[in-house]
Structures are given as structure tokens and as C-alpha cells.
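# Fold and geometry: a report
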Amino acid sequence: MNPQAKLVFIFSLLLGTTTTITSNHWIMAWAGLEINTLSILPLISKSHHPRAIEAATKYFLTQATASALVLFSSMTNAWHTGQWDITQMTHPTSCLILTSAIAMKLGMVPFHFWFPEVLQGSPLTTGLLLSTIMKLPPITLLFMTHHSLNPTLLTCMAIMSAALGGWMGLNQTQVRKVLAFSSISHLGWMTIILSFNPKLTLLNFYLYTLMTLSIFLTLNTIKVLKLSTLITSWTKAPSLNAMLLLTLLSLAGLPPLTGFLPKWLIIQELTKQNMAPMATMISLFSLLGLYFYLRLAYCATITLPPHTTNHMKQWHSHKPASTLIAISAIASTMLLPISPMISAIL
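All values reported here derive from a predicted model rather than from experimental measurement.

## Remarks on the overall build of the protein
What the protein contains, in helices and strands, is 16 helices and zero strands. At 20 Å, the protein has a C-alpha radius of gyration in line with the 20 Å of a compact globule built from 346 residues. Referenced to the eigenvectors of the C-alpha coordinate spread, the extents of the protein come out at roughly 65 × 50 × 35 Å. Taken over 346 residues, the protein has a buried fraction of 53%. Within the protein, contacts between residues separated by at least 24 positions form 77% of all contacts whose residues are at least 6 apart in sequence. When the accessible area of the protein is evaluated, it comes to approximately 15200 Å², of which 71% is carbon and sulfur surface. Taking the average location of the 17 positive side-chain charges in the protein and that of its 5 negative ones, the two points are 17 Å from each other.

## Things to note about the pattern of salt bridges
Under the defined criterion, the tally for this structure stands at three salt bridges. Salt-bridge contacts for Glu54 lead to Lys58; the nearest nitrogen and oxygen are separated by 2.8 Å. A residue pair is termed a helical-turn pair when its members lie 3 or 4 positions apart in one helix, as Glu54 and Lys58 do in helix α3 (residues 50-81) at four residues. Relative accessible area serves as the criterion here: at 40%, Glu54 is assigned to the partly exposed category. The class of Lys58 is partly exposed, set by a relative accessible area of 28%.

## With respect to the nonpolar core
If you look at the biggest cluster of nonpolar residues, it comprises 95 residues, and the most contacted ones within it are Tyr59, Leu219 and Leu230. Taken domain by domain, this core gets at least three of its residues from each of domain 1 (1-128) and domain 2 (150-306 + 321-345). Not counting residues within four places of it along the chain, the set of residues in contact with Leu230 comprises Leu219, Ile222, Val224, Leu244, Leu296, Cys299 and Ala300.

## Observations regarding the domain arrangement of the protein
Assigned domains of the protein: these are domain 1 (1-128) and domain 2 (150-306 + 321-345). Look at where the C-alpha atoms of domain 1 and domain 2 centre, and you get two points 23 Å apart. Contact residues are listed per partner, giving 21 residues for domain 1 and 25 residues for domain 2. Taken as a group, Val109, Gln120 and Leu124 account for 34% of the area that domain 1 buries against domain 2, more than any other trio of residues on that side. The interface formed by domain 1 and domain 2 holds one salt bridge in total. Among the salt bridges present, the one from Glu117 reaches Lys177, with a minimum N-O distance of 3.4 Å. Across the contact surface, domain 1 and domain 2 share five residue pairs in polar contact (both at pLDDT 80 or more). Breaking the side of domain 1 that touches domain 2 down by element, the ones donating at least two residues are α4 (92-106), α5 (114-121) and α6 (124-131).

## Quick notes on the UniProt feature "transmembrane region" (unreviewed entry) in the protein
Taking the UniProt record as the reference, the feature "transmembrane region" (unreviewed entry) is found at residues 56-76, 96-115, 152-171, 178-196, 202-222, 242-261, 281-304 and 324-345. Between the end C-alpha atoms of residues 96-115 there is a gap of 22 Å, over a span that is 65% helix and 0% strand.

## Considerations on a nonpolar patch on the surface
A surface patch of nonpolar side chains, amounting to about 370 Å² of accessible area, comprises Leu7, Ile10, Phe11 and Leu14. Mapped onto the elements, Phe11 comes out in helix α1 (residues 3-22). Look at Phe11 and you get exposed, because its relative accessible area is 53%.

## Regarding the UniProt feature "signal peptide" (unreviewed entry) in the protein
Per the UniProt record, "signal peptide" (unreviewed entry) is found at residues 1-20. Helix makes up 90% of residues 1-20 and strand 0%, with an end-to-end C-alpha separation of 27 Å.

## What about the packing of aromatic side chains?
This structure, assessed with the given rule, holds six aromatic pairs. Taking 5.8 Å as the distance between ring centres and 10 degrees as the angle between the ring planes, the aromatic pair formed by Phe260 and Trp264 counts as stacked. Linking Phe260 with Trp264, this pair stays in helix α13 (residues 260-272), spanning four residues, or about one helical turn. On the accessibility criterion, Phe260 (24% relative accessible area) is partly exposed. Consider the rings of Phe292 and Tyr293, whose centres lie 5.0 Å apart with planes at 50 degrees: the pair is tilted.

## So, α13
Taking 1.5 Å per residue as the helical rise, α13 with its 13 residues ought to reach 18 Å, and the 18 Å between its terminal C-alpha atoms agrees with that figure. Buried residues of α13: Leu261, Pro262, Lys263, Leu265, Ile266, Glu269 and Leu270, and no others. Positive backbone phi, at 60 degrees, marks Asn274, one or two positions downstream of α13.

## Comments concerning the packing of helix α10 (residues 198-222) against α13
Axis separation between α10 and α13 bottoms out at 9 Å; the angle between their running directions is 160 degrees. Here α10 lies roughly antiparallel to α13, going by the angle between them. With respect to the hand of their crossing, α10 and α13 are arranged in left-handed fashion. Only Leu261, Pro262, Leu265, Ile266 and Glu269 of α13 make contact with α10, whose side of the interface consists of Leu200, Leu203, Asn204 and Leu207.

## Let's talk about α3
Relative to the 46 Å expected for 32 residues at 1.5 Å per residue, α3 spans 46 Å between its end C-alpha atoms, a close match to the ideal helical length. Gly82, located one to two residues past α3, shows a positive phi value of around 75 degrees.

Rules used throughout
- Residues numbered from 1 in each chain as written.
- Predicted model: local features only at pLDDT ≥ 70, side-chain atom pairs only at ≥ 80, totals over all residues.
- Heavy atoms only, no water.
- Helix = DSSP H or I, 4+ residues; strand = E, 2+ residues; numbered from the N terminus.
- Rg over C-alpha atoms; globule rule 2.2 N^0.38 Å.
- Buried < 20%, exposed > 50% of the residue type's maximum accessible area, 1.4 Å probe, protein only.
- Contact = heavy atoms within 4.5 Å.
- Areas by Shrake-Rupley, 256 points an atom, 1.4 Å probe, with all protein chains shown as cover.
- Lys, Arg positive; Asp, Glu negative; His and termini not counted.
- Charge placed at Lys NZ, Arg CZ, Asp CG, Glu CD.
- Salt bridge = Lys/Arg side-chain N within 4 Å of Asp/Glu carboxyl O.
- Core = buried A, V, L, I, M, F, W, Y, C linked by side-chain atoms within 4.5 Å.
- Domains from an automatic or database assignment.
- Buried area = accessible area lost by both parts, 1.4 Å probe.
- Polar contact = N/O pair within 3.5 Å; in protein donor to acceptor, adjacent residues only side chain to side chain.
- UniProt positions renumbered as here; feature names shortened; annotations may be inferred.
- Patch = residues over 30% accessible without salt bridge, like charges linked within 9 Å, V, L, I, M, F, W, Y side chains within 5 Å.
- Phe/Tyr/Trp six-rings, centres within 6.5 Å; stacked < 30°, edge-to-face > 60°.
- Expected span 1.5 Å × (residues − 1).
- Axes fitted to C-alpha atoms, helices over the stretch in contact; angles between N-to-C directions.
- Parallel < 35°, antiparallel > 145°, perpendicular 65-115°, else oblique.
- Left-handed = near helix turned anticlockwise from the far one by under 90°.

Encoded structure:
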């Protein structure tokens, strides 16, 4: 792709995201979402592979439907209340339609079917954008309207997302699909706490973004797309693979790594809200995710699984890892000690 064109699309992406997260009026938020969608489409389909074109088409259709529903819910609310302000979303039907629209935008259960397919058809760098920055505007809208949304519906969708994200990731051999189901599972954790402590939702999203950034950049450096190539990648950059192991375990939420922090705070808050059964259920479902993270970690570093086919070992690369990978990997494994400070802020 032409570098100038790529720069235009990246700037449009940042413009759309900024427009949505800073707007108070529904039309401005909708316009930002549309700019976002249109600017990511060329980045998804830049390889011109049939799978990439299919991914771009699926992404366009789902996002266009979700944007139409956002517009419809805001118009319905304006019709009944005369308010176009995002925080004044009070009409029950509008809130229900908005919840469905945002769930479709994010790829939450039961609107999750497009996300693994789109991520599988995209390059790793575009997959990183889809998993992180593209989720920021919809999560901001959820944050701004959280007082109006139905807590029971959000809890049900969150539990289902955590369950399906864990179950459907178990049998995957493609790394991007595993990370897509991981994203769906993490959305469940973000959504379940939204009605009770929305700041925890944002904290979970920021830390998830940090860990996902580290994993995608590492995979892009060692050029890994599926488990069979991950098995032989340790010879290329052993230290980078060791950090990949820790970052994957952090994404799974194991103590004493960074990923344990949001899960710990969310379980604590749910228990305070007399929702201990829900906290237990979502914790058990996250164990399903732990299995496929361990599978990835096992393939990445621990040992060579027995295979009938002979694998070619990759050449050792002496090129140092980028500073961004180093910073994100350290931050995504070692932030747990500052949890008292984060708790005080929240």
C-alpha cells in the first residue's frame, strides 16, 4: 500500500476515534463511528487476498448495521424525550436498541460471529487496531450511557461472552482466531462490571489493550500466524518468546502478573454488589480461556510437542526488539504492585 495513503487512513482512524470519544451529540458520535469504519476497510483488504476482501466485506456490513442501529436508537430517544445528548439516553426501547448496536460494534455474544473471521482475514497490524483502538469509541459510548442501560441484560451478555469466548477458542489452531475469542472473553469481563463501577470497565480495557499490543507486536516481529509455526519460532528470538509466554499468562489473568489486577478488582466489586454467583461463574469460564493461553505459551516456549513432520528451525535473529515491544511487555507483566494506587484512584 502507498505510504501516503496509509498515513491518510491512520489519521482518519484517529480523527474518527477522537470525534466519537469527545462528542456530546449523538450525530457527532455516529459520524465518528462511520469515519472509523471507512478508514479501517482499506487496511483490512490491503493484501487483495480473497480472504481479506471477504473480511472487509463482513466488517463493513456488520458495522454499517450497528451504526444504523445507533442512529435509530438516538432518533427514537430524541423523538420521545427531545434530547440529543448522549448522557440523556433515558427511553427504555432506545437503551435496548443501543445495547444491541454497541454489542454488534464490539463483537459481543450473541453478535460475535463476524469478529474471528474478520481478524483471521486481516494482517497482524490491522488485527491489533481492530482489537484495541476500534473498540475504544463503542466502549466510550457504553461508559457515557451506563446509568441508563439494563444491568440484567448486560450481565447475561457478559456471562455468555466469557463462556463462548472460552469454549470456541479451545480448538483453534490459528493464532489470530485464538486472540479474537480471547477478546470476546475479555469483553465479558468489561461488560459485567459496567453498571456497578464503569471506571473498572475502562481500567480493564486499558490493560487489555496494553497486553494485546505486546502480543500482536511480538507475533508480527517473529512472523507467526498459526500454532505450527509458533512451535519453531523460539530459535529466532528466544528472549522475545520468553516475554510472549509471560504476556500470554498475564492476559489469562494469572497472579502476580498485570492481567490479574482487573479480574481481582472486578470480582471484589461484584461480591460487594451481592453478585457472588455471577463472579464465580465468570471466573470459572475464564479457566476455559486459561487452557488456550497455556496452549499458546506451551507452543511458544516450553517444549517442542511431538510431531510426525520435520520442522525447519528458523535462523536466530540478532536484530533487537523494538522499544515499544519492550515497554509494553514489561508493563503487561509487572504492573500488579501498583494496584493499591489504582484502587485509591478508583
